[in-house]
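Structural description and commentary
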Amino acid sequence: VQLQASGGGLVQAGGSLRLSCAASGRTFRDWDMAWFRQPPGKEREFVAAIRWSGGTTLYADSVKGRFTISRDIAKNMVHLQMNSLKPDDTAIYYCATTPRTVLSSLRLRSSYGYWGQGTLVTVSS
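As a starting point, this report considers the structure included with it. The structure presented is a predicted model; accordingly, all values stated were derived computationally and were not measured. (Residues numbered from 1 in each chain as written. Predicted model: local features only at pLDDT ≥ 70, side-chain atom pairs only at ≥ 80, totals over all residues. Heavy atoms only, no water.)

Remarks on the overall build of the protein
How we decide: Strands here are runs of E lasting at least two residues and helices are runs of H or I lasting at least four, both read from the DSSP assignment and numbered beginning at the N terminus. Throughout, radius of gyration means the C-alpha value; the globule benchmark is 2.2 Å times the number of residues raised to the power 0.38. Burial classification: accessible surface area is computed with a 1.4 Å probe over protein chains only, and a residue below 20% of its type maximum counts as buried, one above 50% as exposed, and the rest as partly exposed. We call two residues in contact when some of their heavy atoms are within 4.5 Å. Each accessible area value is a Shrake-Rupley result obtained with a 1.4 Å probe; residue values ignore everything except the protein chains displayed when judging cover.
Looking only at helices and strands, the protein features zero helices and 11 strands. Computed over its C-alpha atoms, the radius of gyration of the protein comes to 13 Å, within 12% of the 14 Å expected for a compact globule of 125 residues. With the C-alpha coordinates aligned to their principal axes, the bounding extent of the protein is approximately 40 × 25 × 25 Å. For the protein, the residues scored as buried account for 45% of the 125 residues in total. Across the protein, every contact between residues at least 6 apart in sequence was considered, and the portion connecting residues at least 24 apart equals 59%. Surface summary for the protein: the accessible area is close to 6200 Å², and the carbon and sulfur share equals 47%.

Some words on the sheet that holds strand E8 (residues 77-82)
Selection criterion: Strand pairing is defined by DSSP finding a minimum of two bridges between the two strands. An axis is simply a line fitted to the C-alpha atoms; with a helix, the fit covers only the stretch in contact. Between two such axes, the angle follows the N-to-C directions and lies from 0 to 180 degrees.
The four strands are arranged E1-E3-E8-E7 in an open sheet whose pairing can be described as antiparallel. Each having just a single partner strand, strand E1 (2-6) and strand E7 (67-72) make up the two edges of the open sheet. Mean inter-strand twist for the sheet, computed between neighbouring axes without regard to direction, equals 15°. Bridge analysis of strand E3 (residues 17-24) against E8 gives six bridges, and the strand direction is antiparallel. Across the sheet, Cys21 pairs through a bridge with Val78, a residue of E8.

Structural notes on the state of the cysteines
For the record, the criterion: Note on terminology: pairs of cysteine sulfur atoms within 2.5 Å are recorded as disulfides.
Tallying each qualifying case throughout the model produces one disulfide. Note on cysteine connectivity: Cys21 is disulfide-linked to Cys95, with sulfurs 2.2 Å apart. Because the torsion about its S-S bond is 65°, the bridge between Cys21 and Cys95 counts as right-handed. Highlighted residues: Cys21 in strand E3 and Cys95 in strand E9 (residues 91-99), separated in sequence by 74 residues.

Describing the pattern of salt bridges
To keep it simple, the criterion reads: Within this document, salt bridges are pairs made up of a side-chain nitrogen of Lys or Arg and a carboxyl oxygen of Asp or Glu, the two lying within 4 Å of each other.
Enumeration according to the criterion identifies six salt bridges in this entry. Within the structure, one salt-bridge network assembled from shared partners comprises Arg37, Glu45, Arg66 and Asp89.

Remarks on the pairing of strand E4 (residues 31-38)
With respect to burial, E4 is a largely interior element, seven of its eight residues being buried. The sheet contact formed by E4 and E9 spans eight bridges and is antiparallel. Along E9, the bridge assignment pairs Trp35 with Cys95. Alignment of E4 against strand E5 (residues 45-51), held across six bridges, turns out to be antiparallel.

As far as function goes, none of this settles anything; it's purely spatial.
As structure tokens, then:
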């Protein structure tokens, strides 16, 4: 399994960015996908997750209503649309995947065995 994240960059507060994660190496029909982020000097934290089959989504409270996770089944890609960005959203964003697991476990970093390389998002004030 390989994950390739892209789409990061520098944006002003209030702006938008769309991150993408290209997944390869197997079929992901029964897998779950997620985005985590690691702000400077802090631990990696959950952002959003989506079930590949069915599309059920979960969000961290800090991004709910501003970020949207989606998947493109035909292209094996997962996207994170980020709107109304704040300086606190500055972080390296990682995509991750795991075989289908308990919904409540999707917020846990330890649930994921496969990670992409990360893409840097910087939000200026």
